[in-house]
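Structure at a glance
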Amino acid sequence: MNNERINKVLESMKKRGVEQILVSSTSSLFYLTGQEIHSGERMVCLYLNTNGKHKFVINKLFVVEENKDMDYVWYDDIENPVEVLGKVIDHSKALGVDKDWKAHFLIGLIDNNAAKSYFNASPIIDELRMEKDELEKELMREASKINDEVMAEIKGLISEEKTEKEIASIITEKYEAKGTEGCSFPPIVAYGGNAADPHCMPGNNKLKVGDCIVIDTGCRNKNYCSDMTRTFFYKEVSEKHREIYEIVLEANKRAIKAVKPGIKFSDVDKAARDYIISKGYGEYFTHRTGHCIGIEVHDFGNVSSVNHDILKPGMIFSIEPGIYLKDDIGVRIEDLVMVTEDGCEILNKYNKELTIIK
């Protein structure tokens, strides 16, 4: 049980005038308890109350290490978990719940009048998770280092004989060989025109001379995620494709240069987007510039034109501008950056200058 983090949650609750919340997402439970529990269809939740009477409601099926600082409420499959939880909640107060909590649990509480009212309490913990502590920073650096190593190894294996799907499979094997928990998301490997789909699923396509090669991949190591995209070219690159690559690269660099405490996420997006627009490719940059990352590969928060939240030291997010021309080419270059006291630290070290695989 991470008492320091729980205390920060309680402080935030008090500032917001919130007295009781339920924490049920796997990631937030891990953040607060150090225990990773994939509950499936069963209810597992941490009840926090500013009066200090916290409860961990959990099915007896799950094996967890009990902590002396927490009061556990165990139930089994012949009991109704909603009724068990209802005995814990203060019925006279509003109750905060996770944004992704199963609807049938929430509806059960509502039907039983378990609380005065209900609201989304996720921002309380989500916003705390955005600012990484020193341990989390080191874990993110370590995960990104492994990603650099795997990208270098994969680049050396790309050839006309290997399909997108085969390269993606090798990526997974590489992460597991390095002792990680595997991929933080299914790897994206896309050749040529397929790369014009930013979320292209690897298929049986093989390389042709002049094709671009987009590899978007990340690992999950010690419960923290990495993410990086590199775009290569096979044997040769046309002048048009070279121009597009250099535009995306410059947009990536401009956005990274903009990162520092006190500016808005939207300012970082603008730095990349305005440059691509100025070069005539604005309509082909079809997604936000980045997303926050940590325990989840897409943590709360994003780098977009509509997110005006302020950057703070310890925040980690991706910078990944792209240009996508249907049936022709896709170029995306993605780095993870961590906001520091006076700028940012780039967590990826792998080369991102234009590279032609011979």
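Source: prediction; values computed, not measured.

**Considerations on the packing of aromatic side chains**
Evaluation of the coordinates by the stated rule reveals 6 aromatic pairs. Plain terms: the ring middles of W101 and F105 are 5.7 Å apart, the flat faces sit at 40° to each other, and that makes the pair tilted. Exposure class is identical for W101 and F105. Each is buried. Note that R273 overlies the ring of F285, its terminal NZ or CZ placed 4.0 Å from the centroid.

**Observations concerning the layout of surface pockets**
A volume near 470 Å³ is recorded for the largest pocket. As for the largest pocket, its lining consists of 21 residues, of which E127, L128, M130, E131 and K312 are closest to the centre. For the lining of the largest pocket, the secondary structure elements donating two or more residues are α1 (3-16) and α5 (122-130). For the lining of the largest pocket, the element with the most residues is α1, which contributes 5 residues. Along the lines of polarity and charge, the residues of the lining of the largest pocket split into 8 nonpolar, 2 polar and 11 charged. Each pocket or cavity is described by its volume, and for the second largest pocket that value is around 350 Å³.

**Details of the sheet that holds strand β19 (residues 356-357)**
Spatial ordering of the open sheet is given by β7-β8-β11-β19, a layout of 4 strands whose pairing is mixed. What marks the edges here is a single partner per strand, and that holds for β7 (188-191) and β19. Pairing geometry for β7 and strand β8 (residues 212-217), over 4 bridges, is antiparallel. Residue pairing in the sheet places V189 in a bridge with I215 of β8.

**A look at the environment of S39**
Along the polypeptide, S39 turns up in the loop between α2 (26-33) and β2 (45-49). Filtering out sequence-adjacent residues up to four positions away, S39 remains in contact with V44 and F62.

Analysis parameters
Residues numbered from 1 in each chain as written. Predicted model: local features only at pLDDT ≥ 70, side-chain atom pairs only at ≥ 80, totals over all residues. Heavy atoms only, no water. Phe/Tyr/Trp six-rings, centres within 6.5 Å; stacked < 30°, edge-to-face > 60°. Buried < 20%, exposed > 50% of the residue type's maximum accessible area, 1.4 Å probe, protein only. Lys NZ or Arg CZ within 6 Å of the ring centre and 35° of its normal. 1 Å grid on protein atoms, 1.4 Å probe; cavity = no way out; pocket = protein on both sides within 12 Å on 5 of 7 lines; lining within 4 Å. Points joined across faces, edges and corners; volume = space filled by probe spheres on them. Helix = DSSP H or I, 4+ residues; strand = E, 2+ residues; numbered from the N terminus. Nonpolar A, V, L, I, M, F, W, Y, C, P; charged D, E, K, R; others polar. Pairing = 2+ DSSP bridges. Contact = heavy atoms within 4.5 Å.

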